[in-house]
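A look at the structure
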Amino acid sequence: MPDITKRPIKPPRTFAEQVQLLRQRGLILDDQFFVEQILSEANYYRLSAYLLPFKDPITDCYRPNIHFKTIYNIYEFDRKFRGLILSAIEPIEILLRTTIAYYHAHNYGPEGYMLADNFENRDYHTKFVVEFEQIIEKNQKNLFVKHHIENYGGKFPLWVAVEIFSFGMLSKFYANMKTEDRKSIAKELNTGAEYLKSWLISITDLRNRCAHYMRLYFHKLVVSPKLPKGIYREYSGRVFDIIYVMKYLYLSPEKWRNEFVRPLEALLDSYQEHLQVKYIGFPDNWLKLLN
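Let me begin by describing the structure that accompanies this report. Fair warning: this is a prediction, and the values are worked out from it, not measured in the lab.

So, on to the overall build of the protein. Within the protein one finds 13 helices and zero strands. Helices and strands appear in the protein in the N-to-C order α-α-α-α-α-α-α-α-α-α-α-α-α. A principal-axis box enclosing the C-alpha atoms of the protein has dimensions of 65 × 50 × 45 Å. Look at the contacts in the protein between residues 6 or more apart in sequence, and 63% of them connect residues 24 or more apart. In the form shown here, the protein has an accessible surface area of approximately 16,700 Å², with 52% of it arising from carbon and sulfur atoms. Separation between the mean location of the 40 positive side-chain charges and that of the 34 negative ones in the protein comes to 3 Å.

Written as structure tokens, this is what we have:
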């Protein structure tokens, strides 16, 4: 066995010490009180991730003329960006829950989702059932869950059950449906089954990052969505790729433009002096692509 030398855990630093560390690494702090205030509200470790694009990997210091206020503005942009994306994912998620539940219940019955014969992979379905039962257990005090436990012996028709699926469960549920079923659902949404499967995986990951307040700026995608044929064919490997495919799941282009694209344009405009949009994968013609 090789001898692995582990680094000792660093001791905690006071907010004043954190400020001093930023200064030692070359960050320009125009207002120390402001910096301490922000550090007391947002974890140092969280904020320091936004400094990664400005760090010299050799010296471990920041490039010249980088102000803390620039980093804080990027942080604030990212916070608002996540909120805007979550609001755009909501109607997509509800549409998918509705479409999948409606199709499956009408083809296999209200409880057909509990039968492995109605899916491609029996092992995956077994895991799904276990996860679903765990969610029922966690949500048993929820009124509609309690109602079905008390009045229907704990049986849930799919159009009820789907309301407590996580987005990840919904994605896996769709991926394990029979090929023809996946194709039929995708056709209703004006796309192909392999595209929709890919998009669900990517949007699930993005939703989880947003819901857990994880950084999008300077984030590289672990899994990129399958891009539809069109004018955007170059993967950025960043969040724009997922945003681009999200527009295909909005049945109302007008709603997409009014509720997401225009607010996004305003958000980017308000922070443009602090941002490099390449770090979120936005090409120069992003507005045309999203419209």
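Residue placement: Ile89 occurs in helix H4 (residues 68-108). For the pair Ile89 and Arg207, spaced 118 residues apart in the sequence, the C-alpha separation amounts to 7.2 Å. For Ile89, the contacting residues outside a window of four places in its chain are Phe167, Ile203, Leu206, Arg207 and Met246.

Here the focus is the side chain of Lys247. Mapped onto the elements, Lys247 comes out in the loop between helix H11 (239-246) and helix H12 (253-270). With no salt bridge to any partner, buried Lys247 finds its closest opposite charge in Asp241, at an N-O distance of 12 Å. Each residue touching Lys247, except ones within four places of it in the same chain, is listed here: Trp256, Leu289 and Leu290.

This next bit is on the packing of H4 against helix H9 (residues 179-188). Here H4 crosses H9 at 135°, and the two axes come no closer than 10 Å. As the angle between them shows, H4 and H9 are arranged oblique. Of the two elements, H4 crosses H9, and the hand of that crossing is right-handed. Across the interface between the two elements, Thr99, Ile100, Tyr103 and Tyr108 of H4 pack against Glu180, Asp181, Ser184, Ile185 and Glu188 of H9. Class assignment for the residues of the contact of H4 with H9 results in four nonpolar, two polar and three charged.

Once that is clear, we can look at the pattern of salt bridges. When charged atoms on two side chains of opposite charge get close, those side chains can pair. Scanning the model with the defined rule gives 11 salt bridges in all. Across the pair Lys183 and Glu180 runs a salt bridge whose closest N-O atoms are separated by 3.9 Å. On the criterion of helical spacing, the pair formed by Lys183 and Glu180 is a turn pair, its members being three residues apart in helix H9. By relative accessible area, Lys183 is classed as partly exposed at 44%. Looking at Glu180, the relative accessible area reads 52%, which means it is exposed. Residues joined by salt bridges that share partners form a network here, namely Arg25, Lys55 and Asp60.

To continue, consider a nonpolar patch on the surface. A cluster of nonpolar side chains, contributed by Ile201, Val222 and Val223, occupies part of the molecular surface with about 280 Å² of accessible area. Take Val223: it is sitting in the loop between helix H10 (193-211) and H11.

This brings us to helix H2 (residues 32-41). For H2, the set of buried residues is Val35, Ile38 and Leu39. One side of H2 holds all its buried residues, which, seen down the axis, span an arc of 100°. Across H2 from its buried face, at more than 90 degrees, point the exposed residues Phe33 and Glu41. Those residues of H2 that are buried lie in contact with helix H1 (15-24), helix H3 (44-48) and H4.

Reading the values: rules and limits
Residues numbered from 1 in each chain as written. Predicted model: local features only at pLDDT ≥ 70, side-chain atom pairs only at ≥ 80, totals over all residues. Heavy atoms only, no water. Helix = DSSP H or I, 4+ residues; strand = E, 2+ residues; numbered from the N terminus. Contact = heavy atoms within 4.5 Å. Areas by Shrake-Rupley, 256 points an atom, 1.4 Å probe, with all protein chains shown as cover. Lys, Arg positive; Asp, Glu negative; His and termini not counted. Charge placed at Lys NZ, Arg CZ, Asp CG, Glu CD. Buried < 20%, exposed > 50% of the residue type's maximum accessible area, 1.4 Å probe, protein only. Salt bridge = Lys/Arg side-chain N within 4 Å of Asp/Glu carboxyl O. Axes fitted to C-alpha atoms, helices over the stretch in contact; angles between N-to-C directions. Parallel < 35°, antiparallel > 145°, perpendicular 65-115°, else oblique. Left-handed = near helix turned anticlockwise from the far one by under 90°. Nonpolar A, V, L, I, M, F, W, Y, C, P; charged D, E, K, R; others polar. Patch = residues over 30% accessible without salt bridge, like charges linked within 9 Å, V, L, I, M, F, W, Y side chains within 5 Å. Arc of directions from axis to C-beta.

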